[in-house]
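Summary of the model geometry
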Amino acid sequence: MAIDLHTHTSASDGSFTPVQLVRTAESIGLEALGITDHDTFAGWDEAVRLPRAASLELVCGIELSTKFRFDGARKGTSVHVLAYFLHGAAPAAFREWLAEAQRFRRDRNARLAVRLQSLGLNVTLDDAESLGGALTGRPHFAKVLIQKGHAKTMQEAFTRYLGEKGKAYVEREEPSIEGALGRITGAGGVPSLAHPVRVEEHAPDGFERLLADWKDAGLRAIEAWHSDHTDAHIAKYRAMAGRLGLGVTGGTDFHGDAKPGVSLGSGRGRLNIPRSVLDDLKG
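Figured I'd write up the structure that's included with this text.

The rules behind each value
- Residues numbered from 1 in each chain as written.
- Predicted model: local features only at pLDDT ≥ 70, side-chain atom pairs only at ≥ 80, totals over all residues.
- Heavy atoms only, no water.
- Helix = DSSP H or I, 4+ residues; strand = E, 2+ residues; numbered from the N terminus.
- Rg over C-alpha atoms; globule rule 2.2 N^0.38 Å.
- Buried < 20%, exposed > 50% of the residue type's maximum accessible area, 1.4 Å probe, protein only.
- Areas by Shrake-Rupley, 256 points an atom, 1.4 Å probe, with all protein chains shown as cover.
- Lys, Arg positive; Asp, Glu negative; His and termini not counted.
- Charge placed at Lys NZ, Arg CZ, Asp CG, Glu CD.
- Expected span 1.5 Å × (residues − 1).
- Contact = heavy atoms within 4.5 Å.
- Pairing = 2+ DSSP bridges.
- Right-handed = clockwise from strand over helix to strand, strands pointing away.
- Axes fitted to C-alpha atoms, helices over the stretch in contact; angles between N-to-C directions.
- Parallel < 35°, antiparallel > 145°, perpendicular 65-115°, else oblique.
- Left-handed = near helix turned anticlockwise from the far one by under 90°.
- Nonpolar A, V, L, I, M, F, W, Y, C, P; charged D, E, K, R; others polar.
- Arc of directions from axis to C-beta.
- Salt bridge = Lys/Arg side-chain N within 4 Å of Asp/Glu carboxyl O.

Here the focus is the overall build of the protein. The number of helices and strands found in the protein is 11 helices and 7 strands. In terms of overall dimensions, the protein is globule-like: its C-alpha atoms have a radius of gyration of 18 Å, near the 19 Å expected for 283 residues. The principal-axis extents of the C-alpha atoms in the protein amount to approximately 55 × 45 × 40 Å. Relative to its 283 residues, the protein shows a buried fraction of 52%. Element-wise, carbon and sulfur atoms account for 49% of the exposed surface of the protein, whose accessible area totals about 12400 Å². Side-chain charges of the protein comprise 35 positive and 36 negative groups, with the mean position of each set lying 4 Å from the other.

On to helix 10 (residues 231-244), then. In a regular helix each residue adds 1.5 Å, so 14 residues correspond to 20 Å; helix 10 covers 20 Å between its end C-alpha atoms and thus fits that length. The inward-facing, buried residues of helix 10 abut helix 8 (196-200), helix 9 (207-217), strand 6 (221-225) and strand 7 (247-250). Directly after helix 10, the chain includes Gly-245, whose backbone phi takes a positive value near 75 degrees.

So, about the pairing of strand 6. Burial within strand 6 is extensive, with 5 of its 5 residues counted as buried. Sheet analysis places strand 5 (residues 190-193) next to strand 6, joined by 2 bridges and oriented parallel. Looking at strand 6, one finds that Ser-192 is bridged to Ala-221. Between the parallel elements strand 6 and strand 7, the chain passes through helix 10 in a crossover that is right-handed.

This part covers the pairing of strand 5. Side chains Val-190 and Ser-192 of strand 5 all project onto a buried face; the interleaved residues Pro-191 and Leu-193 project onto the opposite face, where all are buried too. Two strands pair when backbone bridges link them, and strand 4 (residues 77-85) and strand 5 are joined in this way by 4 bridges, in the antiparallel orientation. Residue pairing across strands places Tyr-84 opposite Val-190, the latter belonging to strand 5.

Geometry of a packed helix pair, given as the angle between the helix axes and the separation of the axes. Look at helix 3 (residues 92-118) against helix 5 (residues 138-147): their axes get within 11 Å of each other, and the N-to-C directions meet at 30 degrees. Viewed along their axes, helix 3 and helix 5 adopt a mutual orientation that is roughly parallel. The way helix 3 lies across helix 5 gives a crossing that is right-handed. On helix 5, the residues touching Arg-108, Asn-109, Leu-112, Ala-113 and Leu-116 of helix 3 are Arg-138, Phe-141 and Leu-145. Residue composition of the contact of helix 3 with helix 5, grouped by class: 5 nonpolar, 1 polar and 2 charged.

Let us now look at the packing of helix 9 against helix 10. Closest axis-to-axis distance for the helix 9/helix 10 pair is 11 Å, and the angle between their directions is 50 degrees. The angle between helix 9 and helix 10 places the two elements in the oblique class. The two elements helix 9 and helix 10 cross, and the hand of that crossing is right-handed. When helix 9 is examined against helix 10, the residues Phe-207, Glu-208, Leu-211, Ala-212 and Lys-215 are found in contact with a partner set consisting of Tyr-237, Met-240, Arg-243 and Leu-244. Across the contact of helix 9 with helix 10, the residue classes tally to 6 nonpolar, no polar and 3 charged.

Before going further, it helps to examine the sheet that holds strand 2 (residues 32-35). Judged by pairing direction, the sheet is mixed, and its 7 strands sit side by side in the order 1-2-3-4-5-6-7 without closing on themselves. Since the sheet does not close on itself, it has two edges, and those belong to strand 1 (3-7) and strand 7, each with one partner. Pairs of neighbouring strands in the sheet enclose a mean axial angle of 35 degrees, with direction left out of account. When strand 2 meets strand 3 (residues 57-68), the two strands line up parallel, connected through 4 bridges. Bridging across to strand 3, Ile-35 finds its partner in Cys-60. Taken strand by strand, helix 9 contacts strand 3, strand 4, strand 5 and strand 6, and its axis lies near 165 degrees from that of strand 5.

Within helix 6 (residues 154-162), the full set of buried residues consists of Ala-157, Tyr-161 and Leu-162. What you see down the axis of helix 6 is that its buried residues fit within an arc of 60 degrees, all on one side. The exposed residues of helix 6 that point more than 90 degrees off its buried face are Gln-155 and Thr-159. On its buried face, helix 6 is in contact with helix 3 and helix 5.

Here we come to the pattern of salt bridges. In the structure shown here, the tally under the stated rule is 19 salt bridges. With its nearest N and O atoms 3.0 Å apart, the salt bridge here joins Arg-270 to Asp-231. Taken as a pair, Arg-270 in the loop between strand 7 and helix 11 (275-282) and Asp-231 in helix 10 lie far apart in primary sequence, 39 residues in all. With relative accessibility at 55%, the residue Asp-231 sits in the exposed group. Here Asp-253 makes a salt bridge to Lys-259, at a shortest N to O gap of 3.1 Å. Ionic contacts of the salt-bridge type, sharing partners, join the residues Arg-198, Asp-228, Asp-253, Lys-259 and Arg-268 into one network.

Right, dumping it as structure tokens:
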């Protein structure tokens, strides 16, 4: 039996509703499911009210976008941090802080729509919000671009327009990683660095030192198992966590149809995250 601590629902940028995600987790026999939507608890709040198999444990989580300026960089790079609230819902004070981050997201979306229109593309904020609601993000803009014939695929939409090197890219105000780590630990959560392979590419020579600095700021774990990680990555990050006294987490980063080829519980077919990972996090 296995667990999956990194999944997304339609409350952020996944294609499965919370009901569909829970039912799928039950059908494949997962022992624990972490719902970690981007910058919202809406998916978990809905899922936790559902009747479900006694064998399936739901873990309250979230994936936060934070900023960090790597050495020599002129601007901050987005670094994702998973936060787990292992004994129930996140507290009200943390949710209030999160609401402020959501306001920054909508402001970025409005500026992104204006930028797209300045390029002659008939894309509006209403178009994107009709797909994404309160948690509209770049994937929803990408879908609009495809619907209106401005791109053929999600990848093309990001490469041409929405990615950091795209024509319409607009930076979003995000908390510093140190500030987010403090907020998470102050609220009783366990912060874990998401998909570290994506972060390490920005600091290949000093990544372990960087993790040590973030541990001092409150980091408690790193995501060793992830769909982007090879077996060598998994072994490396587990060893690195051991040297630094950090815990490890693992998940597929499941998005349903929004991320083809990544299956719940097994990622691209190789992942098998043991229950002991969650038990060790709980201490």
